[in-house]
Amino acid sequence: MNGSALTTPTPSSLPVLSVEHFQKRYGDTIAVRDLSLGVEAGDIYGFIGHNGAGKTTLIRSIVGAQAIDGGRIRICGHDVVRKPLQAKSALAYVPDNPDVYEFMTGMQYLTFMADIFRVPDDERTRRIGELAERLELTDALGDTVGTYSHGMRQKLVLIGALIHEPRLLVLDEPFVGLDPVASHELKAILHELAARGGAVFFSSHVLEVVEKLCNKVAIIRGGELLTSGTTEQVRGDSSLEDVFLELVEKEA
Amino acid sequence: MRDMLTLMHVQVLGLLNSFAPNAQGMPRAARARRLVFVALLALLLVTVFAGYTALMAIGLAVSGMANVIPPFAVAAGSLAGVFFTFMKARGTLFGTRDYDLIMSLPIPRRTVVIARMATLFGSAIAVATIFMVPMYAVYLIMAGASPVSIALAALSVVLAPLAPTALATFAAFAVTALAARFRHAGIVYIVLALLAMLAFVMGAYGFSFTAGVDHEATVAATLQVATVLESAITSAYPPAAWAAAGIASHDALSFALFATASIGVTAACVEVMQRFYLRINGMLAGRRRRARGRAAVGARRTPFTAIVVKEFRTLLGIPSYAFNCLFGYLLMVAIAIALSVMGLRGILMSGAIDGIDQDALAHMGDRIYLVIPWVFAFCASTGASSTISVSLEGRCAWIMASAPLSVRTILWSKLASNLIPVGCSLVLSTVILLVSGQIEPLIAIELLIVSLGLFHLWANVGIAIDAARPNFSWTSANEIVKRSMPITVSVIGGMVCEFGFGALCVALIPDMASIAAAHATAIGVGVVAAILGQLLFMRTARTARLYIV
């Protein structure tokens, strides 16, 4: 394992993320049923749905933070259940609530993440410096996380996620809490990651952002995938918002 | 009143959740079964403690010292919860996660503070009940009961812990306020509070020592001792005398004085704290650790070392966690120093330990040294911080869950972060005892094997429970540190083992076989415990899945 997942060779024919017939239940309730989708290198994939549709459930299973009841999830060909360490080494996760260890300073947290992902000294210094400057967090990195606002924590988690140049960046509602400047910078960072051969998979309620940022989208409702494909295919001649509302109402 | 009950209801739900985490998808019946199990366990513990205090009271009554029971019960019931209250106050009153939400509600601040303190008062009254009710029962049976004495005794159970609990909370409040002025406020708070707790323990020991001098007089004149003992208790803690006068002599004025003092001190403490509640929480929330210049990127570490360091930071970052786990280490070193200064025989002869006198000591001979490893094993087992380290990840559990690390690496790092300070404290204590000539090298080895072996076993029992069913949904770390199943099972299991095997090695085997056989048994227990602990760790690392839910 090295410090940069993007430099780790994987067969180009393999999708960065492959979800096949995924199923998850909580007790007797089926949260997600028979869901399949694929994310290729260079994709920015938007995953949209109403509250409780199953977005976070799928995301948590993709990043290996939750058990899977059926189907299969692979990251760069590595099964997240059978080869969790290889799969996790290739991805990074930004949860919906940016909760990080409050007793650490921002820099201690980033150093911790760099240690966990085995990022070499020179690379960690360069990446932390660059990303902190872009997200305007440099001056706060010496403060304890407990004193950070929600947006600052979000930025910190983003830097921690990007520190090892993941092949797949998984984000759950990443734009919540970010100021307009940081939001703009994050979009640029996501584009750059995709351009370097990485892939981005994120959930959002902000349909305008998904429409402008993503080349592929999927819509989920009540744990079932309603549609997926390129943004143009899904949207057609309408706006993504119209399609989403139409699909959701029709299925209801 | 309705608002206060609503807030207390939330705390009750938190309490139940700490005993049986309401995980997503967990069947209601399974949770109910777990709560019933916890209740039965609590009932068992209460029965044991109540039985012990009843036996103690019977002992006093049979020795002609029944008049000592009421003041002793009030003093014990008052002070028993002080230690725990001091440790819990910060996590209950200050720095809670729901502070912003609660303070934004249209509820008077005084109500919020009283509702939060109700948890502290409730647990102090529960502890007092366990101590006082059996003693009163014995006293009232032996000395004769009247409706007035029964009513006043029942009232004193509720009143006795009020003022000490309020004062202990106030002390925690003052230490928090003082520490918040320092740059490393959390660490300063922990150091100040640990020193205060050590002073409390030493004070209690000093009181026992003083009482112990009188204990020698029991041989000469029991009644005189009863008078001296009663006088010692009531002079050290006057409210005990006022309450006792009410219960024993139906002295309404004295009891009214006791009730007024209890309620008055409590009300005053609550009033001061509610007035400064916003300020103290503001100091804790707004405390900024400003970097001197730009923060430098930390040196590269292995993931194992990174997690060990992170665990140390967690320990020092959560005061109640630090108190729970660091006090055992501190106590080990303090005991080693005390032994090196006074000698084991000196401490045993001080009278601080019931039932030990010159004759008993002469009868025990060299076997008294068999006690030492078990004392240190007990201290070590109280500092099992790793048993709750999975649950303490809380809302940050996603970090470990999505990290490219094996469960073995994560759990081993957490265990190592616990083993290192326990090992260092034990080695330091052993060196102090060896250098001061208090123990032979064989006892030193025995001390390390027994303490580390039993610690390893029970720490791994706790880790296994915690990893199998972690509780990430806590709102205050106290829910995990003070009441969770892993730490409770680990500490109580360790205690049972240490007292059980300790009694076997100290009291039975030397008589049945020889002192050498007792030493061999102790070492054997330590080795077997270490092996069992390691096997359990391997099993947990193989089977556990560190998921978020």
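Note that the structure is predicted; figures quoted are calculated from it, not measured. (Residues numbered from 1 in each chain as written. Chains lettered and ligands numbered in written order. Predicted model: local features only at pLDDT ≥ 70, side-chain atom pairs only at ≥ 80, totals over all residues.)

## A word on the overall build of chain B
The helix and strand inventory of chain B stands at 23 helices and zero strands. Across the 549 residues that make up chain B, the buried fraction comes to 44%. At a minimum sequence separation of 6, the contacts of chain B that also span at least 24 residues come to 83%. (Helix = DSSP H or I, 4+ residues; strand = E, 2+ residues; numbered from the N terminus. Buried ≥ 20, exposed ≤ 12 C-beta atoms within 10 Å, placed from the backbone. Contact = placed C-beta atoms within 7 Å.)

## Remarks on the nonpolar core
Grouped together as the largest cluster of nonpolar side chains are 231 residues, with contacts concentrated most on A:Ile159, A:Leu168, A:Val170, A:Val200 and A:Phe201. Residue-level mapping places this core at the junction of two domains, with at least three residues from each of domain 1 (25-286) and domain 2 (303-543) of chain B. Leave out the neighbours within four places in its chain, and A:Phe201 touches A:Leu17, A:Val39, A:Tyr45, A:Phe47, A:Leu168 and A:Val170. (Core = buried A, V, L, I, M, F, W, Y, C linked by C-beta atoms within 7 Å. Domains from an automatic or database assignment.)

## Some details on the sheet that holds strand β1 (residues 17-26) of chain A
Residue and element names in this part refer to chain A. Read from one edge of the open sheet, four strands run β2-β1-β4-β5, paired in antiparallel fashion. Strands with a single pairing partner mark the edges of an open sheet, and in this sheet they are β2 (29-39) and β5 (78-79). Bridging between strand β4 (residues 70-75) and β5 involves two bridges; their strand directions are antiparallel. For Arg74, the partnering residue across the bridge sits in β5 and is Asp79. (Pairing = 2+ DSSP bridges.)

## Regarding the sheet that holds strand β10 (residues 224-230) of chain A
Residue and element names in this part refer to chain A. Reading across the sheet, the six strands line up as β6-β7-β8-β3-β9-β10 and stay open at both edges, with mixed pairing between neighbours. In this open sheet, the two strands that pair with only one neighbour each are β6 (91-94) and β10. In this sheet, neighbouring strand axes are inclined to one another by 15° on average, regardless of whether the strands run parallel or antiparallel. Each of β3 (44-49), β7 (168-172) and β8 (199-204) is contacted by helix α6 (residues 180-195), which is oriented at about 145° to β8, the strand it contacts most. (Axes fitted to C-alpha atoms, helices over the stretch in contact; angles between N-to-C directions.)

## Here's the deal with the interface of chain A and chain B
Across the boundary between the two partners, chain A contributes 37 residues, which contact 32 residues of chain B. Those elements giving two or more residues to the side of chain A that touches chain B turn out to be α2 (84-89), α3 (106-116) and α4 (121-134) of chain A. Sorting elements by how many residues they give to the side of chain A that touches chain B places α3(A) first, with six residues. Looking at side-chain class alone, the side of chain A that touches chain B contains 17 nonpolar, 13 polar and seven charged residues. (Nonpolar A, V, L, I, M, F, W, Y, C, P; charged D, E, K, R; others polar.)

## Things to note about the pairing of β1(A)
Residue and element names in this part refer to chain A. In the sheet, β1 pairs with β2 via seven bridges, with the strands oriented antiparallel. Bridge assignment links Arg25 to a residue of β2, and that residue is Ile30. Here β1 pairs with β4 via five bridges, running antiparallel. Of the residues in β4, the one forming a bridge with Glu20 is Arg72.

## Brief notes about the confidence of the model for chain B
All names here are of chain B. Model confidence for chain B is summarised by a mean pLDDT of 82, while 82% of its residues fall at 70 or above. Across residues 209-221, where pLDDT falls below 50, the model places 19 contacts with residues more than four positions away in sequence or in other chains. On the interface metric, ipTM, the complex scores 0.89, and its pTM is 0.76. (pLDDT = per-residue confidence, 0-100.)

## Describing helix α17 (residues 371-381) of chain B
Residue and element names in this part refer to chain B. Of all 11 residues that make up α17, 10 are buried, and the element is covered over most of its length. Along α17, the residues that are buried comprise Ile372, Pro373, Trp374, Val375, Phe376, Ala377, Phe378, Cys379, Ala380 and Ser381. Turning to α17, the residues buried within the fold contact α14 (319-342), α19 (407-435), α20 (441-468), α22 (485-512) and α23 (515-543).

## Things to note about the environment of A:Phe47
All names here are of chain A. The residue Phe47 is located in strand β3 in this model. Using a count of 28 C-beta atoms within 10 Å as the deciding quantity, one classes Phe47 as buried. Sequence separation between Phe47 and Val94 is 47 residues, and the spatial gap between their C-alpha atoms is 14 Å.

## As for α4(A)
Look at α4(A): 20 Å from first C-alpha to last across 14 residues, which is about the 20 Å you get at 1.5 Å a residue. Residues of α4(A) that are buried sit in contact with α3 and α5 (150-162) of chain A. (Expected span 1.5 Å × (residues − 1).)

## Details of unusual backbone geometry
Residue and element names in this part refer to chain A. Look at Glu136: it is not a glycine, yet its phi comes out positive at around 55°. Along the chain, Glu136 turns up in the loop between α4 and α5. The phi dihedral of Glu173 falls on the positive side, at around 50°, and the residue is not glycine. Inspection of the secondary structure puts Glu173 in the loop between β7 and α6.

## Comments concerning the packing of helix α6 (residues 109-143) of chain B against helix α8 (residues 162-179) of chain B
Residue and element names in this part refer to chain B. Here α6 crosses α8 at 135°, and the two axes come no closer than 10 Å. Considering their axes alone, α6 and α8 lie oblique with respect to each other. Judged by the twist between their axes, the crossing of α6 over α8 is right-handed. For the pair α6 and α8, the contacting residues are Met117, Leu120, Phe121 and Ala124 in the first and Leu162, Thr165 and Thr169 in the second. A per-class count over the contact of α6 with α8 returns five nonpolar, two polar and no charged. (Parallel < 35°, antiparallel > 145°, perpendicular 65-115°, else oblique. Left-handed = near helix turned anticlockwise from the far one by under 90°.)

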